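# Descriptive analysis of the structure
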Amino acid sequence: CILEIFEVQNTHNILKTDVIFNSGTTPYVTAGMGNNSIASYIAYDENRIEKGNSIMIGGKTMVITYQPQDFYSNDSHNLVLYLLDSNPTENTYLFFVSSLLKSLSHKYHWGDSISRAKIKTDTVMVPINEKGNMDFIFMENLINGIKKKVMSKVKDFINQERRAYLNVIQ
């Protein structure tokens, strides 16, 4: 059950028309895809800030992102999830972003959006260790492995582009 893993809260509702884009250093997060859902960096009422090191779910769009730092949210339909584990890492949160997306995206959509009330009955698949507890070591190692593989592919692509560029200018 999601509530056994996360504290779930609705985010504040800060309308786009109420903020001045590029006015500060705190991310203004929307439910849009791309750029980790950050629309701009703003200064705003600090009482409306959402705590970072959390997962943000776009309530209507089912865009799920890890937010490493404190942020402002554009819509009260968005959810913010905080791991109940006492020492979550970025990799743990990234693992859960993927798991939540896989577990919930088939269920919710614009016409039937996720909500704090609905998510209470949802489940997410997690690896379990030999003691029957969530296997955070596996999560950490899996995400580290994926990061290394992606970085290797990026490095290969950059080297290939560099070779092609050098061939053209010679």
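Just above, that's the structure.
Numbering of residues begins from 1 in every chain and follows the order in which that chain's sequence is written. For this predicted model, a pLDDT threshold of at least 70 governs which residues receive local features, and a threshold of 80 or more governs which side-chain atom pairs are given and counted, while totals over whole chains, interfaces and linings are taken from all residues. Think of the side-chain values as coming from all heavy atoms in the structure, minus any hydrogens and water.

### Quick notes on the packing of aromatic side chains
Centres within 6.5 Å make a pair out of two Phe, Tyr or Trp rings, where for Trp the six-membered ring is used; the pair is then stacked when the planes are under 30 degrees apart, edge-to-face when over 60, and tilted otherwise. As enumerated under the stated definition, the model contains five aromatic pairs in all. With a centroid separation of 5.8 Å and an interplanar angle of 90 degrees, the aromatic rings of Phe95 and Phe96 are classed as edge-to-face. Taken together, the ring pairs connect Phe6, Phe95 and Phe96 into an aromatic cluster.

### Things to note about the packing of helix α1 (residues 90-104) against helix α3 (residues 136-169)
Relative orientation and spacing of two packed helices are given, respectively, by the angle between their axes and the distance between those axes. The interhelical angle for the contact between α1 and α3, taken along N-to-C directions, is 85 degrees, at an axis separation of 8 Å. Put simply, α1 runs roughly perpendicular to α3. Residues Glu90, Asn91, Thr92, Leu94, Phe95 and Phe96 of α1 form the contact with α3, whose participating residues are Phe136, Met139, Glu140, Leu142, Ile143, Asn144 and Lys147. Under the scheme applied here, ten amino acids are nonpolar (Ala, Val, Leu, Ile, Met, Phe, Trp, Tyr, Cys and Pro), four are charged (Asp, Glu, Lys and Arg), and all others, including Gly, are polar. Classifying every residue of the contact of α1 with α3 gives seven nonpolar, three polar and three charged. A fitted line through C-alpha atoms serves as each axis, taken over the contacting stretch for helices, and the angle formed by two N-to-C directions is quoted from 0 to 180°. Helix and strand assignments come from DSSP, with helices taken as H or I runs of at least 4 residues and strands as E runs of at least 2, each series counted from the N terminus. Here the angle decides the label: under 35 degrees means roughly parallel, over 145 means roughly antiparallel, 65 to 115 means roughly perpendicular, and every other value means oblique. Should any heavy atoms of two residues lie within 4.5 Å, those residues are considered in contact.

### Considering the sheet that holds strand β7 (residues 79-83)
Spatially, β1-β7-β4-β5 is the arrangement adopted by the four strands of the open sheet, whose pairing is antiparallel. Both outer strands of the open sheet, β1 (6-10) and β5 (64-67), are each paired with one neighbouring strand and no more. Averaged over all pairs of adjacent strands, the angle between their axes in this sheet comes to 25 degrees, without regard to strand direction. One bridge is not enough; two strands pair if DSSP finds at least two bridges between them. As paired elements, strand β4 (residues 54-57) and β7 share three bridges and run antiparallel to each other. Pairing of Ile55 across the sheet is with Leu81, part of β7. Strands in contact with α1 are β1, β4, β5 and β7; relative to β5, the strand with the most contacts, it is inclined by about 170 degrees.

### Observations regarding the nonpolar core
Working definition of a nonpolar core: buried Ala, Val, Leu, Ile, Met, Phe, Trp, Tyr and Cys residues. They are joined through side-chain atoms within 4.5 Å. We call a residue buried when its accessible area falls under 20% of the maximum for its residue type, exposed when it is over 50%, and partly exposed in between, using a 1.4 Å probe and counting protein chains only. Grouped together as the largest cluster of nonpolar side chains are 30 residues, with contacts concentrated most on Phe6, Ile55, Ile57, Leu81, Leu100 and Ile119. Elements represented by at least two residues in this core include exactly β1, β4, β5, β7, α1 and α3. With six residues, α1 is the largest single contributor of residues to this core. Setting aside anything within four residues of it in sequence, one finds Ile119 in contact with Ile2, Val8, Ile57, Leu79, Leu81, Leu104, Tyr108 and Ile114.

### Notes on the pairing of β7
Most of β7 is tucked away, with five of its five residues classed as buried. The two faces of β7 match: Leu79, Leu81 and Leu83 on one face and Val80 and Tyr82 on the other face are all buried. Bridge count for β1 against β7 is five bridges, and the pairing is antiparallel. Paired with Gln9 across the strands is Val80, a residue of β7.

### Details of the pattern of salt bridges
For this analysis, a salt bridge means a side-chain nitrogen from Lys or Arg found within 4 Å of a carboxyl oxygen belonging to Asp or Glu. Taken as a whole, this structure holds five salt bridges when the rule is applied. For the salt bridge of Lys60 with Asp75, the shortest nitrogen-to-oxygen distance reads 3.8 Å. A residue pair is termed long-range when its members are at least 10 positions apart, and Lys60 in the loop between β4 and β5 and Asp75 in the loop between β6 (72-73) and β7 qualify at 15 residues. Lys60 gets classed as partly exposed once you look at its relative accessible area, which sits at 29%. One salt bridge in this structure joins Lys107 and Asp122, with 2.4 Å as the shortest N-O distance. Of this pair, Lys107 sits in the loop between α1 and α2 (116-119) while Asp122 sits in the loop between α2 and α3, and the two are 15 residues apart along the sequence. On the basis of relative accessibility, which here comes to 3%, the residue Asp122 falls in the buried class.

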